[in-house]
Amino acid sequence: MSQEGVLQGGGAVADDEHHHGPDKGILRWVYTTNHKDIGTMYLLLALGSLLIGGCMAFVIRAELFQPGLQLVDPNFFNQMTTMHGLIMVFGAIMPAFVGLANWLIPMMIGAPDMALPRINNWSFWLLPFAFTMLLSTFFMDGGAPNFGWTFYAPLSTTYAPPSVTFFIFAIHIMGISSVMGAVNVIVTIFNMRAPGMTFMKMPLFVWTWLITAFLLIAVMPVLAGVVTMMLMDIHFGASFFDAAGGGDPVLFQHVFWFFGHPEVYIMILPAFGIVSHIISTFSRKPLFGYTSMVFATSSIAILSFIVWAHHMFTVGIPLVGELFFMYSTMLIAVPTGVKVFNWVTTMFRGSMTFETPMLFSIAFVVLFTIGGLSGLMLAVAPADFQYHDTYFVVAHFHYVLVPGALFSILAAVYYWLPKWCGRMYNEALGKWHFWLSFIGVNLTFFPMHFVGLAGMPRRIPDYALQFADFNAIVSVGAVVFGLSQLLFIYNVWRTTLGQKGVKASDLVWDQPVGLEWTALPSPVPYHTFQTPPKVD
Amino acid sequence: MKKLSPLKLSIIPLLMFGFGFALVPLYDIFCQVTGINGKYYQVADEASLRLVSAQGEKVVPLRLLADADSRDVWHFTPEKKLLEIQAGKMITTYYEITNDQDVEVTVQAVPSIAPGEWSEYLVKIECFCFNQQKIPPHSTVRLPLQVTLSSKAPEEVSHLSLSYRIYQSEPLGGTF
Amino acid sequence: MKRVGFSAVSALLLLTTSHSAFAEWGLNMTEGVTRVSHDVHDLHMTIFYVCVAIAVVVFGVMLYSIIYHRKSRGAKAHNFHESTVVELIWTVIPLIILVGMCIPATATLIDMYDNSDAEIDIQVTGYQWKWRYTYLHEEVDFFSSMSTPSEQIDNSQAKDVNYLLEVDYPLVLPVDTKVRFLFTSKDVIHSWWVPDLAVKKDTIPGFINESWTKIDKPGIYRGQCTELCGKGHGFMPIVVKAVSKAEYKSWVTAQAVAQAAAREVKEMSFAELMTQGEKVYNTNCAACHQKNGAGMPPMFPGLKGSAVALGDINKHINIVLKGVRSTAMSAFAEQLSVSDVAAVVTYERNAWGNDKGDHASPMLVKKLKDNK
């Protein structure tokens, strides 16, 4: 979304760095090892996935608009919910954060590029193949995976459509890509900080990404392991998850959620970093409690390894296990609370203005907190017996992932776009985008709490009559939310490729903090920090 | 400044991939210790039995359940649905399995005990689930089961349920 | 911009509050009809109010800052950015709240896990996509399938009040009696949930899980499967009919007699077989093979004009009885009575333009079932 800015940047350095300019045409993108190009490609891939996954959400919401089966058969409906989850998690949110990391980490720590540029290129280019493979399952005999994004065995092994093998390989490729990306981030942050930039001086986005990267290299291989076990069960007569051969289907859930719970923090920790920057800038105050933010993020990451079974309260864990996982899960509320309190205190006695990135960040704090509080309710094991696998859970994780992770990504794009491409986005359009998204998101996900509490299970293609009214509202909200994202695409397009919008100053905002603002011009040149800046 | 080597860092994901698989035996051990999935009961022979289960007063109802796989067509039932087990008192009971097919089948029974955390107090001396069983065509076979209650069972152990699910298996394993 | 947002929100509020049957919308968790469900509801409300209180404080401070500390009002930014004392306070206070929450939660959980001293044991087995209830103390054992007709699902007929939440044979339980459930599954993982009993437990193939309930008052309580179990996941409801102890006793007696009678094999006419067959087909087969027999190839082959339905009748009966290995076709030998199998096979051979003209007699099915 900032190709034009990058091209310009390339032009700007062309005087003295002629031979380092980008290639021309499509090959530039194939061969590029430039962190900004790769970041752009990641963000575009994420946007594409968001649209595809969004269309699947439209199919789901259209079918659920009224009781009865109108549009799709239940099997296709299950394929939609499964692929919607997979595409949004692995195709939209995660690549978007990797894209932002590519763009921002070198600029924030004063490095010329990522530490492993060729690996960087490779880890991006694996993804289009993985997603093509995943999407191609729609055209296979038996259809796409239909067992939910959590793919519980034996529904995903003995009872799966034949396309499950392609799903497994797609997950493997994505996993390899994520691990390489994460190794790159860690090595970059460890080795390439500008002189004087100690760990405790690093911007929070860098800190949160460092922790995220460690989570990634710790748990993505476990996901690879669990799908490999599935592969062995399906094709090589193993029985990891089949009681017939001495296996246990519940083992699948333990291994999956050992990956799955850190995974949800992978999708939210970088968001914490982003909103910390934005709230501080637009409150015109330094972030309150930087040190405590770092410690809170680290403790959330560590705790995420010992709470996984709260996804499994109903599988029949013994009492002691239930209690342990209930207590440890509730404990996570403490560091998360610290973060929210820090953000609010940063706003307190500031001098606030409400540009689009700030609006998205404030909405993030409010709506993420709502998602966090419903998470606290879900942590209470006895009550979870009523919440588990209902729309209450759907509401909860959409609140932390949509107005949580996705809003932070949108905020980040609005916030840094002027720096990337040298032009301001259209503020009026941005505000329209925000308000429509804000209304749409709440209209979509808030009523889900009610239908969930009233007893509507998740992943059903049709429902009893008492859930009808709320479901109709939810579907209308989904249309509002989905279509309003077109405003965002248009806004970004007109700012970058369209070259409209006023030129941004080097600082862009009112006294922002960080090397990317203070030490670099807008738009940023194709190559930056070839001599490291000094940080004091 | 000492540089972090990406190769060294790659050891972490490799180890974690291995750890994913290590979770399988770890889970088994974990289950054995905590009894999570109700698969683990005590196996004792006559000699050690005298050591683990002195005669006790406590009597616990044991419910026996049978569960054939939906694609398999044999009839499989416990002869008695409810037993009373007492520490130090051995009880022998039978499950009946009928093979209506024209060929011999080899089956494996897999037990599950509820509540899982008490499964360690169920002591089996002899069980048809220890081995694969061959069932000749058109015949009914009585499969023996010899159980008792462990004398270590604490007061709160109030009931036990033992279920067998039967699977057709390849002779000589084929299991992982 | 803001006016647009506010008017939309107030329009929504108007929409929700002006709805005449507000209570019917189902906004909150049910209180249920057992001690445990009441405890769970109370816990839910407590933690909800705690969350609301936290939200009011946090969002209150935030809103105050947004209103009073904005640049457009001339607010000047202060520079404070650290305070260990404050950080400690807002670490410790939430901790205390959480400990306060854990105490009642732990007590309720311990109660939920006390499966001892049940008077009735019932084995609940999940099948794709129906439930089987085996009364372990009695000779009662039956399947419970959704009874909503497919015309209501495909919108060609008006929907009943209990659309998708009605079954052919409900689980009948006595009130004031501790009932223990033993959960297992034949195929994939299902989850048995009745909100009014606050019982939700996964049914896992090859393993048994326990739970219990003690219903306070007679009534009909409905629930659904809550673990994705394939294409019929949304169509396997649970209906619990709680009756007085005396009523339960006479029901059990009548049920045992009826089940024994159903096991008896008697001859049926072609017309009888076709009528019964259509009913059995629509309940048990139509989810995959479709009402019109067209199926959903390649996963679920069609029966209209198929080699099986028009081929050897013994082979046809055997497939229904024993299923087909490594496909979605399950074995119906224990799910359907002999006469049901005879009826459904006859129906499949003579419906939708299949015109074999022959029929499967219950005697033949019995013979094949016993493999004599």
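See the structure printed just above.
Residues numbered from 1 in each chain as written. Chains lettered and ligands numbered in written order. Predicted model: local features only at pLDDT ≥ 70, side-chain atom pairs only at ≥ 80, totals over all residues. Heavy atoms only, no water.

Engineer: Where do I start with the overall build of chain A in this structure?
Structural biologist: For chain A, the count of helices and strands is 17 helices and 0 strands. The C-alpha atoms of chain A give a radius of gyration of 23 Å, which matches the 24 Å a tight globule of 536 residues would have. Seen through its C-alpha atoms, chain A measures out along the principal axes to roughly 70 × 50 × 45 Å. Taken over 536 residues, chain A has a buried fraction of 73%. Long-range contacts, defined here as pairs at least 24 residues apart, represent 82% of the contacts in chain A between residues at least 6 apart. Only carbon and sulfur atoms are counted for the fraction: they give 72% of the accessible area of chain A, which is about 15000 Å². The centroid of the 20 positive side-chain charges in chain A is displaced by 13 Å from the centroid of its 25 negative side-chain charges. (Helix = DSSP H or I, 4+ residues; strand = E, 2+ residues; numbered from the N terminus. Rg over C-alpha atoms; globule rule 2.2 N^0.38 Å. Buried < 20%, exposed > 50% of the residue type's maximum accessible area, 1.4 Å probe, protein only. Contact = heavy atoms within 4.5 Å. Areas by Shrake-Rupley, 256 points an atom, 1.4 Å probe, with all protein chains shown as cover. Lys, Arg positive; Asp, Glu negative; His and termini not counted. Charge placed at Lys NZ, Arg CZ, Asp CG, Glu CD.)

Engineer: Just to check I follow, could you spell out the interface of chain C and chain A for this structure?
Structural biologist: By convention, interface size is frequently given as the accessible area that disappears when the constituent parts associate. Contact residues are listed per partner, giving 97 residues for chain C and 104 residues for chain A. Of the roughly 8700 Å² buried between chain C and chain A, counting both surfaces, carbon and sulfur atoms make up 73%. Counting across the interface, chain C meets chain A through 1 salt bridge. Across the pair K71 of chain C and D510 of chain A runs a salt bridge, and its minimum N-O distance is 3.5 Å. The tally of links between chain C and chain A comes to 26 residue pairs in polar contact (both at pLDDT 80 or more). (Buried area = accessible area lost by both parts, 1.4 Å probe. Salt bridge = Lys/Arg side-chain N within 4 Å of Asp/Glu carboxyl O. Polar contact = N/O pair within 3.5 Å; in protein donor to acceptor, adjacent residues only side chain to side chain.)

Engineer: Please explain the interface of chain B and chain A as it appears in this structure.
Structural biologist: Each partner contributes residues to the interface: chain B has 27 residues there, and chain A has 37 residues. Of the roughly 2700 Å² buried between chain B and chain A, counting both surfaces, carbon and sulfur atoms make up 74%. Counting across the interface, chain B meets chain A through 0 salt bridges. At the surface where chain B touches chain A, the tally comes to 3 residue pairs in polar contact (both at pLDDT 80 or more).

Engineer: Please explain empty space enclosed by the protein as it appears in this structure.
Structural biologist: Rolled over the atoms, a probe sized like a water molecule indicates the empty space that remains. Residue and element names in this part refer to chain A. Across all of its chains, the model carries 3 cavities of 30 Å³ or more by this definition. Its volume calculated, the largest cavity comes out at about 170 Å³. Taken together, 16 residues form the lining of the largest cavity, with M94, P95, V98, S178 and L216 sitting closest to its centre. Elements that contribute at least two residues to the lining of the largest cavity include exactly helix 4 (74–109), helix 6 (164–191) and helix 7 (204–235). Residues of the lining of the largest cavity, tallied by class, amount to 12 nonpolar, 4 polar and no charged. By volume, the second largest cavity is sized at about 140 Å³. Along its surface, the second largest cavity is lined by 13 residues, and A46, L47, L50, A96 and I409 are the ones closest to its centre. Within the residue set of the lining of the second largest cavity, elements represented by two or more residues are helix 3 (35–63), helix 4 and helix 14 (391–421). A per-class count over the lining of the second largest cavity returns 13 nonpolar, no polar and no charged. (1 Å grid on protein atoms, 1.4 Å probe; cavity = no way out; pocket = protein on both sides within 12 Å on 5 of 7 lines; lining within 4 Å. Points joined across faces, edges and corners; volume = space filled by probe spheres on them. Nonpolar A, V, L, I, M, F, W, Y, C, P; charged D, E, K, R; others polar.)

Engineer: What should I look at first to understand helix 10 (residues 338–350) of chain C in this one?
Structural biologist: One turn of an α-helix holds 3.6 residues; hence residues three or four places apart share an orientation. Residues and elements named next belong to chain C. Spanning 13 residues, helix 10 covers 19 Å between terminal C-alpha atoms, matching the ideal 18 Å at 1.5 Å per step. Summarising burial for helix 10: 13 of the 13 residues are buried, a large majority. Positive phi shows up at W352, right after helix 10, with a value of about 50°. (Expected span 1.5 Å × (residues − 1).)

Engineer: Help me out: how do you make sense of the pairing of strand 2 (residues 130–135) of chain C in this one?
Structural biologist: On a regular strand, one side chain projects to one face of the sheet and the next to the other, so that they alternate. Residue and element names in this part refer to chain C. Counting buried residues in strand 2 gives 6 out of 6 residues, a clear majority hidden from the surface. Alternating positions in strand 2 separate into two faces, K130, R132 and T134 on one and W131, Y133 and Y135 on the other, with burial throughout. Relative to strand 3 (residues 140–144), strand 2 runs antiparallel, the two sharing 5 bridges. Within the sheet, the bridge partner assigned to T134 lies in strand 3 and is D141. Hairpin geometry of strand 2 and strand 3 is characterised by an intervening segment of 4 residues between the two adjacent antiparallel strands. (Pairing = 2+ DSSP bridges.)

Engineer: Explain the packing of helix 9 (residues 269–283) of chain A against helix 14 of chain A to me, please; I cannot follow it from the model alone.
Structural biologist: Each pair of packed helices can be summarised by the angle the axes make with each other and by the distance between the axes. All names here are of chain A. Packing of helix 9 against helix 14 leaves a shortest axis separation of 9 Å and a crossing angle of 50°. The pairing of helix 9 with helix 14 is recorded here as oblique in orientation. As for how helix 9 packs across helix 14, the hand of that crossing is left-handed. Across from A271, I274, V275, H277, I278, T281 and F282 in helix 9, the residues of helix 14 making contact are A405, S408, A411, A412, Y415 and W416. By residue class, the composition of the contact of helix 9 with helix 14 is 10 nonpolar, 3 polar and no charged. (Axes fitted to C-alpha atoms, helices over the stretch in contact; angles between N-to-C directions. Parallel < 35°, antiparallel > 145°, perpendicular 65-115°, else oblique. Left-handed = near helix turned anticlockwise from the far one by under 90°.)

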